[in-house]
Amino acid sequence: MVTEEYFDELTESMAKQSVESLIDEFNAKVGSTAWTSIRGLHDSVLIDTLIAKNIDVSAIYDGASISFVRKVKLNGNKLELI
């Protein structure tokens, strides 16, 4: 079971990471179809953290679902598909 404490720790940890590090985390999961509630939480916090860092994630996130079909790179403050 995912706890609020774990969520808070994950959020705090990702907030300290660089944008490049967060993109590397995203790219490492591209193509993976494995799913757990922990991964869902991780992915959600990852997207929220990128948004909080003023990164345009519209190439991979439509407000409801995240696409892990293709890797991304940073171009200015916008993620682009590779």
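Above this note sits the structure.
Read on for a plain summary of the structure. (Residues numbered from 1 in each chain as written. Predicted model: local features only at pLDDT ≥ 70, side-chain atom pairs only at ≥ 80, totals over all residues. Heavy atoms only, no water.)

### Topic: the overall build of the protein chain
Each helix and strand in the protein chain was counted, giving three helices and two strands. Reading the protein chain from its N end, one meets helices and strands in the order α-α-α-β-β. For the protein chain, the C-alpha radius of gyration of 12 Å lies close to 12 Å, the compact-globule estimate for 82 residues. Expressed as lengths along the three principal axes of its C-alpha atoms, the size of the protein chain is roughly 35 × 25 × 20 Å. In the protein chain, buried positions account for 30% of the 82 residues. A fraction of 52% describes how many contacts in the protein chain between residues 6 or more apart in sequence connect residues 24 or more apart. (Helix = DSSP H or I, 4+ residues; strand = E, 2+ residues; numbered from the N terminus. Rg over C-alpha atoms; globule rule 2.2 N^0.38 Å. Buried < 20%, exposed > 50% of the residue type's maximum accessible area, 1.4 Å probe, protein only. Contact = heavy atoms within 4.5 Å.)

### Topic: unusual backbone geometry
Despite not being glycine, Asn-54 has its phi angle at roughly 65 degrees, a positive value. You can see Asn-54 is positioned in the loop between helix H3 (37-52) and strand E1 (72-75). By relative accessible area, Asn-54 is classed as exposed at 60%.

### Quick notes on the pattern of salt bridges
Applying the stated rule across the entire model yields two salt bridges. One salt bridge in this structure joins Glu-12 and Lys-16, with 3.3 Å as the shortest N-O distance. Here Lys-16 and Glu-12 lie together in helix H1 (residues 4-16), a separation of four residues that amounts to about one turn. Residue Lys-16 is classed as exposed on the basis of its relative accessible area, which comes to 66%. Between Asp-43 and Arg-39 there is a salt bridge, with its nearest N and O atoms 3.1 Å apart. Highlighted residues: Asp-43 and Arg-39, both in helix H3, separated by four residues, approximately one helical turn. Its relative accessible area of 3% is what places Asp-43 among the buried residues. Arg-39 gets classed as buried once you look at its relative accessible area, which sits at 11%. (Salt bridge = Lys/Arg side-chain N within 4 Å of Asp/Glu carboxyl O.)

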